[in-house]
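# Chain and residue survey
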Amino acid sequence: MFEYMENVSPNEAENIRKTIQDLLRQTCILQMKCDPVTLIQRDNPRYQVCLRNREFISDYLAVLDCELVHDQQEHLFRITGDGVMLEKMTLLTARIVIIMKMIYRDKIMGEGLNATTTNLAEIREYGRNTNLITRKLTNQEWSDALLLMKTHQMIELPGAIANLEDNTPIYIYGTVNIFCSAMDINELVHMYSDEVEMIKYDNESAATLEAAGLNTEGSSVNHTHEFAKDSEMEELPIESV
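Residues numbered from 1 in each chain as written. Predicted model: local features only at pLDDT ≥ 70, side-chain atom pairs only at ≥ 80, totals over all residues. Heavy atoms only, no water.

## Here we look at helix H3 (residues 45-52)
Test applied: Classification of residues uses two cut-offs on accessible area relative to the type maximum, computed with a 1.4 Å probe and protein chains only: under 20% is buried, over 50% is exposed, and between them is partly exposed. Per the convention used, a helix needs a DSSP run of H or I reaching at least four residues, while a strand needs a run of E reaching at least two, with both numbered from the N terminus. The reported arc concerns the directions from the helix axis to the C-beta atoms and nothing else.
Looking only at H3, the buried set comprises Tyr47, Val49 and Cys50. The arc that holds the buried residues of H3, viewed along the axis, is 155°, so those residues lie on one side.

Structural data, given as structure tokens:
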């Protein structure tokens with residue numbers, strides 16, 4: 001394994017190290033990344049590093065009890081497995097992820113692939129219309145939700161979260177469908193706007209977050225737990241590393 005790194009150029013070795021660090025931190029590498037300032041999609045160099053060095057990166061991650069998965073349909077690399085560490089998602093963040101999925105769907109169907117942007121004002125409007133957000137959120141709640149989504153490559157922001165204004169564009173990646181899929185969106189909205197009675201996790205590849213349907217494929221947990229929803233503060237694990 002170390003011999004491989006000695007046989008590539010110093011620049012490529014550094015690229016491999018940084019790519020592995022990114023995979024462990026954000027669980028996936030997208031083929032196309034959105035420029036945070038112009039919101040124009042560009043080729044992601046990290047994705048090309050994965051392509052060129054896929055076998056080595058897979059072997060390295062296997063030592064950490066992780067598996068590198070190439071999802072050609074979604075145009076990304078992601079990691080799964082027991083070695084993937086856990087991060088927590090609040091139920092409020094889960095609701096915001098569902099809203100993002102709805103906005104992404106509506107933008108794709110109505111305006112095409114070049115228009116998958118939203119903003120805080122629109123997110124709040126969707127939240128009110130679906131009863132998923134029924135109160136004014138604190139700055140910290142917005143920050144926590146947006147940071148988690150940015151870290152796991154669901155959204156791109158043009159600047160610091162603290163500097164976001166109501167109409168600042170937020171780019172939504174198609175990966176939001178990986179973190180929130182499987183179930184009809186109307187059912188998800190009804191369920192989360194009312195209450196979540198049970199959250200079940202299974203240990204299929206990258207696992208599945210189910211509240212009878214909320215799916216976090218590609219970034220979930222690897223052990224089975226059941227929770228009853230008692231309040232907004234209950235946290236749902238999300239696989240991160």
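## Here's the deal with the nonpolar core
Rules: What we call a nonpolar core is a set of buried Ala, Val, Leu, Ile, Met, Phe, Trp, Tyr and Cys residues that are connected through their side-chain atoms within 4.5 Å.
Counting residues in each nonpolar core, the largest one holds 39 residues, and the members touching the most others are Met100, Leu146, Met149 and Ile170. Counting residues per element, the ones that place at least two in this core are strand S1 (28-30), helix H5 (91-111), helix H6 (120-130), helix H7 (139-151), strand S9 (170-172) and helix H8 (176-179). In terms of residue count, the dominant contributor to this core is H5 (ten residues). Counting residues in hydrophobic clusters, the runner-up holds 18 residues, among them Ile16, Tyr47, Ile57 and Cys66.

## Some thoughts on the sheet that holds strand S5 (residues 76-80)
The cut-off we apply is this: Paired strands are those between which DSSP finds at least two bridges. Only the stretch in contact is used when a helix axis is fitted, and all axes are lines through C-alpha atoms; the angle between N-to-C directions ranges over 0 to 180 degrees. Contacts are residue-level and defined by heavy atoms, with any inter-residue pair within 4.5 Å sufficient.
Taken in spatial order, the three strands line up as S1-S5-S4 in an open sheet, and their pairing is antiparallel. The sheet is open, and its two edges are formed by S1 and strand S4 (67-71), each paired on a single side. Taking the axes of each pair of neighbouring strands and ignoring which way they run, one obtains an average angle of 15° across the sheet. Here S4 pairs with S5 via five bridges, running antiparallel. What sits directly across from Val69, in S5, is Arg78. The sheet strands contacting helix H2 (residues 10-26) are S1, S4 and S5, and the helix crosses S1 at an angle near 115°.

## A few points about H6
Each turn of an α-helix holds 3.6 residues, which means side chains three or four residues apart point in the same direction. Rule in force here: Nitrogen and oxygen atoms within 3.5 Å of one another constitute a polar contact, given that in protein one can donate a hydrogen and the other can accept it, and given that sequence-neighbouring residues count only through two side-chain atoms.
All of the buried residues in H6 are Leu120, Glu122, Ile123, Tyr126, Gly127 and Thr130. Seen along its axis, H6 keeps its buried residues to an arc of 165°; they face one direction. Exposed side chains of H6 directed beyond 90 degrees from the buried face belong to Arg128 and Asn129. The N-terminus of H6 is capped by Asn119, whose side-chain oxygen sits 3.2 Å from the backbone nitrogen of Ala121. One or two positions beyond H6, positive phi appears at Asn131, with a value near 70°.

## Some remarks on the packing of aromatic side chains
Put simply, the test is: Only the six-membered ring of Trp is used, alongside the rings of Phe and Tyr, when aromatic pairs are assigned; centres must lie within 6.5 Å, and planes under 30 degrees apart are stacked while those over 60 apart are edge-to-face, with the rest tilted.
Using the criterion set out here, one finds four aromatic pairs in the structure. Ring centres of Phe56 and Tyr60 lie 6.3 Å apart, and the angle between their planes is 40°; on these two criteria the pair is classed as tilted. Of this pair, Phe56 and Tyr60 both sit in helix H4 (residues 54-63), four residues apart, which is roughly one turn of that helix. Through a chain of ring-to-ring contacts, three or more aromatic side chains come together here, namely Tyr4, Phe56 and Tyr60.

## Here's the deal with the layout of surface pockets
The condition that has to hold: Of the two site types, the cavity is a set of points on a 1 Å grid over the protein atoms alone where a 1.4 Å probe fits but cannot get out, and the pocket is an open set with protein on both sides within 12 Å along at least five of seven lines, each lined by residues with an atom within 4 Å of a point. Grid points are joined across faces, edges and corners, and a volume is the space filled by probe spheres set on the points. Any residue that is not Ala, Val, Leu, Ile, Met, Phe, Trp, Tyr, Cys, Pro, Asp, Glu, Lys or Arg is counted as polar, Gly included; the first ten are nonpolar and the last four charged.
Computed from the structure, the largest pocket encloses a volume of approximately 340 Å³. Along its surface, the largest pocket is lined by 16 residues, and Gln41, Glu74, His75, Tyr104 and Gly174 are the ones closest to its centre. A breakdown of the residues in the lining of the largest pocket according to their chemical character gives eight nonpolar, seven polar and one charged. Every residue along the wall of the second largest pocket is listed here: Leu120, Arg124, Lys136, Leu137, Asn139, Trp142, Ser143, Leu146, Ile161, Ala162, Leu164 and Asp166. The biggest single contributor to the lining of the second largest pocket is H7, with four residues.

## So, unusual backbone geometry
The backbone of Thr27 shows a phi angle near 70°, a positive value even though the residue is not glycine. Secondary-structure assignment places Thr27 in the loop between H2 and S1. Unusually for a residue other than glycine, Gln153 sits at a positive phi of about 65°. Counting through the fold element by element, Gln153 comes out in the loop between H7 and strand S8 (155-156).

## Quick word on the sheet that holds strand S7 (residues 117-118)
With antiparallel pairing, the three strands of this open sheet are ordered in space as S7-S9-S8. Looking along the sheet, the strands with just one partner apiece sit at the ends: S7 and S8. Bridging between S8 and S9 involves two bridges; their strand directions are antiparallel. What sits directly across from Glu156, in S9, is Tyr171.

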